[in-house]
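# Breakdown of the fold
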Amino acid sequence: MAISQHSDICSPVAKQLRLATGLAILSQGLKLIIWVLMVKIVLLAEQTKEFPLIQIILLLVISISYYTCKIKAHDQSHYAAFELEKILRQRLVSKISQLPLGKIRQIGSGAMAKVICDDVHELHSFVADAPPLRAEAYSTPLFVFLALFLIDWQLAFATLIFTVSIFVLMKWLLRHSKLSRNEYAKAVANINSSLIEYVQGMSTIRTFDAGEGSYSRFNTALNEFNKVMLAWLKRVGLATRLARSLFSPLPMMLFLVVAGVILQKYHSIASETLFFFLVLAAGLIETMLPYMSLFHLLEKSRAAIERIYQIEAEHNIVTQQPYQFPTDYSISFQQVDFGYDKQQKLALNEVSFTVPTNTFTAIVGESGSGKSTIINLLLRFWDTTSGQILLGNCNIRHIPTENLMSLCSVVFQDNFLFSCTIAENISYGLNDVSQEQIENAAKKAQIHDFIMSLPEKYNTKVGERGQLLSGGQKQRLTIARAFLQDRPILLLDEPTSFSDAKNEASLVEIFQTLMKNKTVIMIAHRLSSIVKADQIIYLSQGKIIAKGNHNDLLKESPAYQQLWMDYQQAHQWKMR
Ligand SMILES: Nc1ncnc2c1ncn2[C@@H]1O[C@H](COP(=O)(O)OP(=O)(O)OP(=O)(O)O)[C@@H](O)[C@H]1O
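What counts and what doesn't
- Residues numbered from 1 in each chain as written.
- Predicted model: local features only at pLDDT ≥ 70, side-chain atom pairs only at ≥ 80, totals over all residues.
- Helix = DSSP H or I, 4+ residues; strand = E, 2+ residues; numbered from the N terminus.
- Buried ≥ 20, exposed ≤ 12 C-beta atoms within 10 Å, placed from the backbone.
- Contact = placed C-beta atoms within 7 Å.
- Near = placed C-beta within 6 Å.
- Nonpolar A, V, L, I, M, F, W, Y, C, P; charged D, E, K, R; others polar.
- Pairing = 2+ DSSP bridges.
- Axes fitted to C-alpha atoms, helices over the stretch in contact; angles between N-to-C directions.
- Parallel < 35°, antiparallel > 145°, perpendicular 65-115°, else oblique.
- Left-handed = near helix turned anticlockwise from the far one by under 90°.

### A closer look at the overall build of the protein chain
If you tally the helices and strands in the protein chain, you get 21 helices and ten strands. In the protein chain, which comprises 576 residues, the share counted as buried stands at 31%. When contacts within the protein chain are restricted to residue pairs at least 6 apart in sequence, long-range pairs at least 24 apart make up 79% of them.

The following block contains the structure:
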C-alpha cells in the first residue's frame, strides 16, 4: 500500500527514477565483483609469485565504473527530487485555488504551509535517497546470496536464516515508529499555525495581552512537540540503536565463525571459503543498513504523502453541467439552508428573498445573524446545504466560477491588499488597463490626491497585506478597484466601518455613484446609509424576520421599529 502510494506520487518523475535505480543496481553488481576480485587477488598473491597485474587493472576499471554509476544514479535521483518538489508545490497551490474558501480556512494556514513546504520537502529526501538505497537494500543481498550459494550452499543457507532472523527482529523493534510520525507532524503543524497566528495577531497581542498569556498557545505547542519527541525517543530510540548494533558486521562475523566451526565437524570447509564468506557476508550486513534507512524514509514520507493526498482529495468547487450564463443580474435566494459545521446550528435557515436587477438591497441584523454568510454563499465560497441561489434565473452552481466572479465586485470589511504597487492593487485581476483608467477610478474613490502626495505616487508599494496604509485608505483603494471593475453586481460589507462623520458623508456620496445601475447587496449596521434601499432584509439568528423598504418596515415590523429607535438613540447620544 505504502509502496504503491509512493510510486503513485513519484509518477511525474518515474522515468528519471527508473534510470537512477537502474544505475544504482548496476553499481551494486559492480561492487560485488570488486569484493570477489579483491579476495581473488589476495588469494592469488598467496598462491603464486606473479604480480596479478591484469586483475589489478580490472579492479581499477571496475572500481571507476562503480563510482561513475553511483554518482550518476545520485545525480539523477536528486534532479528528479527537485523536479518533483516543484511539480507537487505547483499542483497543491493550483488545488488550493479551486477549493471552497471555507475548506481553506478549515484546514488552516499553518497546516497548509506545512504540507506545501515541509511535507513536499520531506518527499525530496525520499525521492533523492530512495533509488540508491533501494538498489543497495534489495539487489546487493540478492547478488551476495547468489554468490554465497554457489560457493557453499550449507553455510549460505545458515547465513540466510541468520540474516532473515535479524531482519524480522529489526522489523519488530521498529514497529512503533509509524505512530510517532503522525504525532510529530501534528505537533509541527500546531507550532506553525500558532506561530503564524502569533505574528499576524501581534498588534492585538501587544494591546491586550502583554504578559505571559500571549505566548501561551505557542508555548503549549512547543511543549507538546517536546513531549512527542521525548516519548518517541524513549519508545523508538533504544530500538533503533539496538537494530543498528545488530546490523553491524560483528554479529555476522561471530555467527560465521561459530557456524563455520560447527559445519567443519560434518564436512570440510576450506579456509578460502570461510574467507569469502567473512568478506562477502560482513559486507552484506553493512549493505542492509540502507534497508533500515529506506524503511525510515518510507515511514517518514508515507505520512507526508497522505497529507498531500488529503488536500488533493478535497472536493473542488464544481460547476455543474449544463453550464448556464445569466442574461440579467437579479439575485434570488430560494429556501436556503446553510451550516458551516454539521454539528453547529444553521447559520442560514430557510432564507428566501429576491433582489431585482439594478436595485439596492440592504441586510441588517445583530452580530452573528448570518449577514456575511449570504455574501459568502452568493460568491460560492461555500455551497448551500439545501435550497438554491439564482443569478439571472441561473442556479449559481451551473455558472462557471470565473463567469460568476467576473459579474461581482466586492468591498469587504477586511480589505486585502497585495504587497505590490498601488496601481497594481487597483487593477488587480484585470488585463489591459491603462494608467488613465486607474487614475479615473482612484479619483472616483477620492483617493487620487492622497496617492499623488506619495513620493512614488501610483508606483508606491503598499507592503505586506497593505500594512503601510490606514484602514480607510485601504478601503478607498478597494473601492477604486470596484469602480475600475465596473461589474453589474456590487456586494458591500460594512462599507462605512472605517469612517468618521466627515468621511462617512463623502463615502455615502462615493457609494451612490458606485451603486448606479448595479444590483447591490449591502450589509450595514449604520441605518442612515440604507434608508433609501429598495429593500431591507432583517436577519435574526439565520432567519429573515422582516423584509420591505424602510417606510414599510417602520409601519409593519415591531422588530425593525425597535432597531430604528435604538439606532436613533445611539446616534443622538453620540451627538450629545
Ligand atoms: N467560518 C465559519 N465557521 C464556522 N462558523 C462560522 C463561520 N463564519 C461564521 N460562522 C457562524 O455563522 C453564524 C453567522 O455568521 P456571519 O458571519 O454570517 O454573521 P454576521 O451577521 O455577518 O455577523 P457580523 O455582523 O458580526 O459580521 C455565526 O453564528 C457565526 O458564528
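### Regarding the site of the ligand
What surrounds the ligand is a group of 13 residues, the closest being Tyr340, Ala347, Ser367, Ser372 and Thr373. Broken down by secondary-structure element, the contributors of at least two residues to the shell around the ligand are helix 4 (101-107) and helix 13 (371-378). For the shell around the ligand, the per-class residue count stands at two nonpolar, eight polar and three charged.

### Structural notes on the sheet that holds strand 1 (residues 331-338)
Taken in spatial order, the four strands make up an open sheet running 2-1-4-5, and their pairing is antiparallel. At either end of the open sheet lies a strand with only one pairing partner, and these are strand 2 (348-355) and strand 5 (394-395). Two elements, strand 1 and strand 2, share five bridges in a ladder whose sense is antiparallel. Bridged to Phe333 within strand 2 is Phe353. Running at roughly 110 degrees to strand 1, helix 13 makes contact with strand 1, strand 2 and strand 4 (386-391) of the sheet.

### Considering unusual backbone geometry
With an omega dihedral of -10 degrees, the bond running from Gln321 to Pro322 counts as a cis peptide bond. Along the chain, Pro322 falls in the loop between helix 12 (289-313) and strand 1.

### Overview of the sheet that holds strand 6 (residues 408-411)
In spatial order, the strands read 6-7-8-3-9-10; together these six strands make up an open sheet with mixed pairing. With partners counted over all chains shown, the strands left at the sheet margins are strand 6 and strand 10 (543-548), one partner each. Each adjacent strand pair in this sheet contributes to an overall mean axis angle of 15 degrees, direction not counted. Bridge count for strand 9 (residues 535-540) against strand 10 is five bridges, and the pairing is antiparallel. Looking across to strand 10, one finds that Ile537 is bridged to Lys547. Each of strand 6 and strand 7 (489-493) is contacted by helix 18 (residues 471-485), which is oriented at about 170 degrees to strand 6, the strand it contacts most.

### Considerations on the packing of helix 16 (residues 435-444) against helix 18
It is the contact of helix 16 with helix 18, at a shortest axis distance of 8 Å, that shows an interaxial angle of 125 degrees. Put simply, helix 16 runs oblique to helix 18. By crossing handedness, the relation of helix 16 to helix 18 is classed as right-handed. Only Ala480, Phe483 and Leu484 of helix 18 make contact with helix 16, whose side of the interface consists of Gln437, Ile438, Ala441, Ala442 and Lys444. Residue classes in the contact of helix 16 with helix 18 are distributed as six nonpolar, one polar and one charged.

### Here's the deal with helix 13
The buried fraction of helix 13 is high, at six of eight residues. Within helix 13 the residues assigned to the buried category are Lys371, Thr373, Ile374, Asn376, Leu377 and Leu378. Just downstream of helix 13, Arg380 is the residue with a positive phi angle, here 60 degrees.

### A short note on the pairing of strand 9
Counting buried residues along strand 9, five of its six residues qualify, which places the element largely inside the surrounding structure. Here strand 3 (residues 360-365) runs beside strand 9; their pairing, made up of five bridges, is parallel. Opposite Ala362, over in strand 9, you have Ile536 as the bridge partner. Here strand 9 folds back onto strand 10 in antiparallel fashion, the turn holding two residues, of which Gln541 has a positive phi close to 50 degrees.

Read these as layout, nothing more, since geometry by itself doesn't imply function.
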